[in-house]
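Each chain, letter by letter, is given below.
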Amino acid sequence: MDLEAFICAAAASGASDLHLESQLTPATRVRGTLRVAGEPIPAQVLTEMARSVIGDEQWPVFLERRSFDLSKTIGGIRCRINILQTSRGVGMAIRLLSSFQATVEKLNLHPDLKKFTKHANGLILVSGPTGCGKSSTLAALIQEINLAEARHIITVESPIEYSFRPRRAFIRQREVGRDTPGFEQALLDALREDPDVLMIGEMREPETMRLTLNAAETGHLVLATVHSSTCAEALQRVVSSFPAEIQGSISAQLADCLVGVISQRLRFRPELGIRVPECEILTATHAVKTFIRTREFFRIAGALETGADHDMWSFQRYARWLDSRTNWFVPGNNPEPPDSEVTEAAPGVIPLLVPVARKSVKGGSGQKLLAPADADGRLEIEAVEGGLEIILKNLK
């Protein structure tokens, strides 16, 4: 089997991840559970697969770093691929991404999340453990802005997982390693590129976090992800990433620019046959900002429980809302054209000019002029010798 066959087979089984390792049987993750099936893959075969995916030009980079990240559409399925060197040879960890364009409705998220995207500036954090759908939620929020408002959006990702087609927004996507050396350089560049919205795929290093906070403070709406299991832990992780002597100023900066935090985990719903996000949603109220400034993160849980009037959701209340929900989006049951195929003109986007039929007339000196088209009356003329008077005379 080639790589495309492995990926298509994994997608057909409903897998979210595919793991290939030299001399081992392929493994897939279905509904959070790892499953092993098939025959062991020879080391030479997997090495050839990896080289064909990376390409001859980038293969020396892999040999030097012993790992390589990229995203690619294989067999019609968008994949995020990590290729790594192991003790057995070459291995691959492949994440199979959604085949539909993520939106709040299509991810079965709560409509309250759309309110975060209405802010002109500030910081929105999406947190959760690895593989819980943070990138999909981030993509859904960006797509909500794209469909609703004319804003300049810059994304910095490693690698690019979801490709956005500009609708009302003007979108630029940059991939770390290919389009920019790193998140830090991309953030420094972005501040000189007139963005309205920034999306940061990962906040791992303190310098990335510092630049992200600065961008949120200087009039930009910034969306970023953090690895943590609750909203309070996400905020605490940001602050604790910095040296102790500056954590007070970082806490104040974070409190000033925070819009909200979304922490999520995936839960399998047997009646639907899919996993859906179960969220904890924190809104930056005056009380929450005070807890952040004083670094009393343990008090945020209480604010979540009593913050229903401020569109806050604890995991327990959100689970009850999911149980009472009746309208679901189930991938595969709601067919849609790919986002790359435009079926109608997007609102707010200037349409391309289409060539129109023309009829030619001759001027007094034999020059050919272009008269108005019959369809819409647009005038297209060529420059002629003699000036405007001769043109107007011959068009009468």
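Here, residues in each chain are numbered from 1, in the same order as that chain's written sequence. In keeping with the predicted nature of the model, local features appear solely for residues at pLDDT of at least 70, side-chain atom pairs appear and are counted solely at 80 or more, and the whole-chain, interface and lining totals rest on all residues. Heavy atoms from the whole structure form the basis of all side-chain values; hydrogens and water molecules are not counted.

**A look at the overall build of the chain**
Right, on to step 1. Per the convention used, a helix needs a DSSP run of H or I reaching at least four residues, while a strand needs a run of E reaching at least two, with both numbered from the N terminus. Counting secondary structure elements, the chain contains 12 helices and 15 strands.
Right, on to step 2. Split into buried and exposed, the 396 residues of the chain put 46% on the buried side.
Right, on to step 3. Every residue pair with non-hydrogen atoms within 4.5 Å of one another is taken to be in contact. Within the chain, contacts between residues separated by at least 24 positions form 57% of all contacts whose residues are at least 6 apart in sequence.
Right, on to step 4. For the accessible areas, the method is Shrake-Rupley and the probe is 1.4 Å, while residue cover comes only from the protein chains on display. Here the chain has roughly 19900 Å² of accessible surface; of this, 52% comes from carbon and sulfur atoms. Categorising residues by exposure relies on relative accessible area from a 1.4 Å probe, with only protein chains included: less than 20% of the type maximum marks a residue as buried, more than 50% marks it as exposed, and the intermediate range marks it as partly exposed.

**So, unusual backbone geometry**
Right, on to step 1. Cis rather than trans, the peptide bond between Ser 158 and Pro 159 has omega equal to -5 degrees.
Right, on to step 2. Looking at where Pro 159 falls in the secondary structure, it is placed in the loop between strand E8 (152-157) and strand E9 (170-175).
Right, on to step 3. One non-glycine residue, Arg 31, adopts positive backbone phi at about 55 degrees.
Right, on to step 4. Of note, Arg 31 is situated in the loop between strand E2 (27-30) and strand E3 (33-36).
Right, on to step 5. On the basis of relative accessibility, which here comes to 48%, the residue Arg 31 falls in the partly exposed class.
Right, on to step 6. Phi at Asn 108 takes a positive value of approximately 60 degrees, unusual for a residue other than glycine.
Right, on to step 7. As for its placement among the helices and strands, Asn 108 is situated in the loop between strand E6 (89-96) and strand E7 (122-127).

**Comments concerning the packing of helix H7 (residues 231-240) against helix H8 (residues 247-257)**
Right, on to step 1. Between N-to-C directions, angles span 0 to 180 degrees; the directions come from axes that are lines fitted to C-alpha atoms, helices contributing only their stretch in contact. Two elements in contact, H7 and H8, have axes separated by 9 Å at closest approach and are oriented at 135 degrees. In terms of their interaxial angle, H7 and H8 are classed as oblique. Viewed along their axes, H7 and H8 form a crossing whose handedness is right-handed. Listed contacts from H8 to Leu 235, Val 238, Val 239 and Ser 240 of H7 are Gln 247, Ile 250, Ser 251 and Leu 254. We call two directions roughly parallel when the angle between them is under 35 degrees, roughly antiparallel when it is over 145, roughly perpendicular when it lies between 65 and 115, and oblique otherwise. For a crossing to be left-handed, the near helix must be turned anticlockwise from the far one by less than a right angle; the clockwise case is right-handed.

**Things to note about the packing of H8 against helix H9 (residues 286-293)**
Between two packed helices, what matters for the description is the angle formed by their axes and the separation of those axes.
Right, on to step 1. The N-to-C vectors of H8 and H9 enclose an angle of 165 degrees; their axes lie 8 Å apart at closest approach. By the angle between their directions, the pair H8 and H9 is classed as roughly antiparallel. You can see that H8 and H9 cross each other, and the crossing is right-handed. Residues Ser 251, Ala 252, Leu 254, Ala 255 and Asp 256 of H8 pack against Lys 289, Ile 292 and Arg 293 of H9.
Right, on to step 2. Tallied by class, the residues present in the contact of H8 with H9 amount to four nonpolar, one polar and three charged. All amino acids are sorted into three groups, where Ala, Val, Leu, Ile, Met, Phe, Trp, Tyr, Cys and Pro are nonpolar, Asp, Glu, Lys and Arg are charged, and the leftover types, Gly among them, are polar.

**Here we look at the pattern of salt bridges**
As a working rule, side chains carrying opposite charge can pair if their charged atoms are close by.
Right, on to step 1. The rule for a salt bridge is simple: a side-chain nitrogen of Lys or Arg has to be within 4 Å of a carboxyl oxygen of Asp or Glu. With the rule as written, the count across this model stands at 20 salt bridges.
Right, on to step 2. Across the pair Arg 174 and Glu 193 runs a salt bridge whose closest N-O atoms are separated by 4.0 Å. One end of the pair, Arg 174, is in strand E9; the other, Glu 193, is in the loop between helix H5 (183-190) and strand E10 (197-200), with 19 residues separating them in the sequence.
Right, on to step 3. Judged by its relative accessible area of 18%, Arg 174 falls in the buried class.
Right, on to step 4. With a shortest N-O distance of 2.5 Å, Glu 207 and Arg 210 are connected by a salt bridge. Linking Glu 207 with Arg 210, this pair stays in helix H6 (residues 206-217), spanning three residues, or about one helical turn.

**Overview of the sheet that holds strand E11 (residues 221-226)**
Right, on to step 1. One open sheet holds the seven strands; their spatial order is E9-E8-E10-E11-E7-E12-E13, and the pairing between them is mixed. Unpaired on one side and paired on the other, E9 and strand E13 (274-283) mark the two borders of the sheet. Looking at each pair of strands side by side, their axes are set apart by 15 degrees on average, direction ignored.
Right, on to step 2. Here six bridges tie E8 to E9, and the two strands are oriented parallel to one another. When the bridges of E9 are listed, Val 156 appears paired with Arg 174.
Right, on to step 3. The strands touched by helix H4 (residues 134-148) are E7, E8, E9, E10, E11 and strand E12 (258-269); relative to E11, the strand with the most contacts, the crossing angle is about 165 degrees.
Right, on to step 4. Its contacts with the sheet put helix H11 (residues 315-324) on E12 and E13, and the angle it makes with E13 is roughly 135 degrees. Pairing between two strands requires that DSSP report at least two bridges joining them.

**Overview of the environment of Gln 253**
Right, on to step 1. With respect to the helices and strands, Gln 253 occurs in helix H8.
Right, on to step 2. Residue classification places Gln 253 among the buried positions, given a relative accessible area of 12%.
Right, on to step 3. Remark: the alpha-carbon pair of Gln 253 and Ala 216, spanning 37 residues in sequence, is separated by 9.5 Å.
Right, on to step 4. Residues contacting Gln 253, with those up to four places away along its chain left out, are Leu 213, Asn 214 and Glu 217.

**Regarding the sheet that holds strand E4 (residues 67-74)**
Right, on to step 1. Strands sit in the order E3-E2-E1-E6-E5-E4 across an open sheet of six strands; the sheet is antiparallel. Each edge of the sheet is formed by a strand with only one pairing partner; in this case those strands are E3 and E4. Each strand axis lies, on average, 20 degrees off the axis of its neighbour in the sheet, ignoring direction.
Right, on to step 2. As paired strands, strand E1 (residues 17-21) and E2 are joined by three bridges and run antiparallel to one another. Bridge pairing links His 19 to Ala 27 in E2.

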